[in-house]
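# Per-entry structural report
Each chain, written out:
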Amino acid sequence: MFQCPKCHGQMHTYNRNGVQIEQCGGCRGIFLDYGELESLTRLESQWTQQAPPAPPAPQAYPPAQQQPYPAAPGPAWGAAPHQGGHYGGHHRHKSFGRMLFSS
Amino acid sequence: MTTASVARALGGLAHQGAHPPASCDCAPPEVLADRPDGTVVRSGPVVAKAHAPDADPSDLAARLALAASPRTAGILLPPLGAPPAPPAPPGDARAARTVEGRAVTLWPYGRPVDPADPDAAPWEEAAVLLARLHRTPPPDPFPPMRGPAKAARAVARMRAAGPPPGGDPDAGRTVLAAWRSLPGWARGEAPAPAHRAGFLCHGDLHLGQLVRHPVRDGTPDGRWLLIDVDDAGLGDPAWDLARPAAWYAAGLLGTGVWLRFLDAYRAEGGPAVRAAGDPWPELDVPARALTVQTAALALAKSAAEGRGPDEVERLMLDACARIASLPGELAAPSAS
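Fair warning: this is a prediction, and the values are worked out from it, not measured in the lab.

## Some points on the packing of helix H9 (residues 280-304) of chain B against helix H10 (residues 311-324) of chain B
Residue and element names in this part refer to chain B.
- Where H9 contacts H10, the axes come no closer than 9 Å and their chain directions differ by 130 degrees. Considered as vectors, H9 and H10 are oriented oblique to each other. Judged by the sense of rotation from one axis to the other, the crossing of H9 with H10 is left-handed. Seen from H9, the contacting residues are Arg288, Thr291, Val292, Thr294, Ala295, Ala298 and Ser302; seen from H10, they are Glu313, Met316, Leu317, Ala319, Cys320 and Ile323.
- Its residues assigned to classes, the contact of H9 with H10 shows 8 nonpolar, 3 polar and 2 charged.

## Section: the interface of chain B and chain A
- Residue-level contacts link 37 residues of chain B with 32 residues of chain A.
- Only helix H8 (255-267), H9 and H10 of chain B provide two or more residues apiece to the side of chain B that touches chain A.
- Classifying every residue of the side of chain B that touches chain A by side-chain character gives 17 nonpolar, 10 polar and 10 charged.

## Comments concerning the environment of B:Ala103
- Inspection of the secondary structure assignment puts B:Ala103 in strand E5 (residues 102-108).
- For B:Ala103 and B:Ala50, which are 53 residues apart along the polypeptide, the C-alpha to C-alpha distance reads 5.7 Å.

## Structural notes on the domain arrangement of chain B
Residues and elements named next belong to chain B.
- Here chain B is partitioned into domain 1 (3-109) and domain 2 (118-331).
- Here domain 1 and domain 2 have C-alpha centroids that lie 25 Å from each other.
- The interface of domain 1 with domain 2 comprises 18 residues on the first partner and 18 residues on the second.
- Ranked by residues supplied to the side of domain 1 that touches domain 2, first place goes to helix H2 (residues 57-68) with 6 residues.
- The residue inventory of the side of domain 1 that touches domain 2, partitioned by class, reads 11 nonpolar, 4 polar and 3 charged.

Conventions we followed
Residues numbered from 1 in each chain as written. Chains lettered and ligands numbered in written order. Predicted model: local features only at pLDDT ≥ 70, side-chain atom pairs only at ≥ 80, totals over all residues. Axes fitted to C-alpha atoms, helices over the stretch in contact; angles between N-to-C directions. Helix = DSSP H or I, 4+ residues; strand = E, 2+ residues; numbered from the N terminus. Parallel < 35°, antiparallel > 145°, perpendicular 65-115°, else oblique. Left-handed = near helix turned anticlockwise from the far one by under 90°. Contact = placed C-beta atoms within 7 Å. Nonpolar A, V, L, I, M, F, W, Y, C, P; charged D, E, K, R; others polar. Domains from an automatic or database assignment.

In structure tokens:
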């Protein structure tokens, strides 16, 4: 754990698409190690190359869905729409596990 | 007057409840929970619970009578002990035992949701049980549901704890701003709007409030039931959906799990939300209150543990920031 160079809050490590980033718990500033910005840029360019998607060919069966549920309504103050739940599936966070079971 | 001595006394009571006096080789009693508002100890098939020291005896008696009542059979786990001859006078019944001034009740042991496997959690069953509870005609009189009071208590605890180290020093202020956006009834300062207030509610739903009973070794356990009636009472049934709703809105709970829960509740005819379409007009205020409650407790706990809020806790704080930045008309007292 190291300190934020700007506000001296604690930095926390996250993994975003395979890239380790450090974010400050105080000012939310982000620190990237050498090469990480390039990794993110590469990921971004891969993303833009994919878009726009070609129109899908007609299919006899619905394809295996990445998003099995239609967009569900949420409150005005809700987080950006999400599908798996950031903490669901195989990457369930221990802290969320505790939250599920406590008042 | 330590919680250890309460736990010891509860272990003795649970053990006495497990079988007639005789020499035995029972395993030592196991502490299932030890908090100021509830200490729970198991001995074999019996669980003894010491309730909060400030629990109102007649309210507690009414809540226990509800759990023992045939009207909640198959919904709430009933306490052990012969049902009282109706009607039990307030303060009498099964809450007569006390340990160090705290009312004690005995319950059958039920198997909880596996905390290591929340994906296997019975979301649909929880929703069905809530819908049935909400549709149950309430006893008259009956105490109010304590959800808003608990939210207020969490905010008070956060204020007393001060800011956690290393986190955003303004986080507490953000939580308070979100808290102030709520109408008085959701802060425990006024009765809920009459058209939403008369339903039988659990008051503190989370995955730790479900057990399977009876427990049968070798064969599947019995049905899922709700436990812990300490906060049960009359109120807005949307409160019981609000904790999962808050997790969903914060981005913690996936859309799939949320819709399974919501759809099962609707399919069972639950009255908390409209039967179809956007449920958020009903969910909004309670879900905001549970978001504030969860964030306030996260700050209080992380301060007590000398650490900054973790990634999950910060998502709840982020949700508070979005609530606090909502336009003012959404905070109008008439919102329900």
